[in-house]
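# A closer look at the structure
Next come the chains, spelled out residue by residue.
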Amino acid sequence: LTLSRLEAGAAPAAAPLELGLLVRQVAGELAPQALHKAQSIELDAADACTVQGDATLTSVLVRNLVDNAIRYSPPQASVRIAVARRGGQVLLTIDDSGAGMSEPDMQRLGERFFRVLGSGEGGSGLGWSIVRRIAAVSAATLRVGRSAALGGLSIEVAWPSAG
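A word on unusual backbone geometry. In this structure, glutamine 76 takes a positive phi of about 65° despite not being glycine. Along the chain, glutamine 76 falls in the loop between helix H3 (55–71) and strand S4 (78–86). Looking at glutamine 76, the relative accessible area reads 60%, which means it is exposed. Its identity as a non-glycine residue notwithstanding, alanine 139 has a phi of 60°, on the positive side. Residue placement: alanine 139 occurs in the loop between helix H5 (127–137) and strand S6 (141–146).

Okay, here's the thing in structure tokens:
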């Protein structure tokens, strides 16, 4: 439903949003899921990282990305989440020590119902479609690659700074 509403142009009006606070809240809500898998979550969220966006939609974007990092990383993995300002942008970076993805699979992220086979995890294959659409209506850009720090996947979401 979220994806359908966004595609129909029903995105709510943007307002100033403190991204670090929102990410802390979402990470706290997902921490029990990581603890259940004996994973470590590190969070470094700087203050004064304000972006223009809708709090509900931005929470959905962050939740999907952090949930994926936890879900698709093995037990005892590490997940690092950072919110920082760089130049005129606010960056959300999520790195994990999981297996990562092949280049062709990374390029397919966001295709409806696309799922990497053999992950052992359930899902509809719509999470990345939703993330991409929320990023688009929020003037954010996405970058996906190999984590230089942890070896798994690295996701970077960049918004123009609103403050």
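A word on the pattern of salt bridges. This model, assessed by the stated rule, comprises five salt bridges. A salt bridge links arginine 80 to glutamate 42; the nearest nitrogen and oxygen atoms lie 3.5 Å apart. Of this pair, arginine 80 sits in strand S4 while glutamate 42 is found in strand S2 (residues 40–45), placing the two residues 38 residues apart along the sequence. The exposure class assigned to glutamate 42 is partly exposed, which follows from its relative accessible area of 41%.

Our next topic: the nonpolar core. By size, the foremost hydrophobic cluster in this structure holds 36 residues, and its most contacted members are Leu61 and Leu92. Elements represented by at least two residues in this core include exactly helix H2 (19–36), H3, S4, strand S5 (89–96), H5 and strand S7 (153–160).

Criteria and thresholds
- Residues numbered from 1 in each chain as written.
- Predicted model: local features only at pLDDT ≥ 70, side-chain atom pairs only at ≥ 80, totals over all residues.
- Heavy atoms only, no water.
- Helix = DSSP H or I, 4+ residues; strand = E, 2+ residues; numbered from the N terminus.
- Buried < 20%, exposed > 50% of the residue type's maximum accessible area, 1.4 Å probe, protein only.
- Salt bridge = Lys/Arg side-chain N within 4 Å of Asp/Glu carboxyl O.
- Core = buried A, V, L, I, M, F, W, Y, C linked by side-chain atoms within 4.5 Å.

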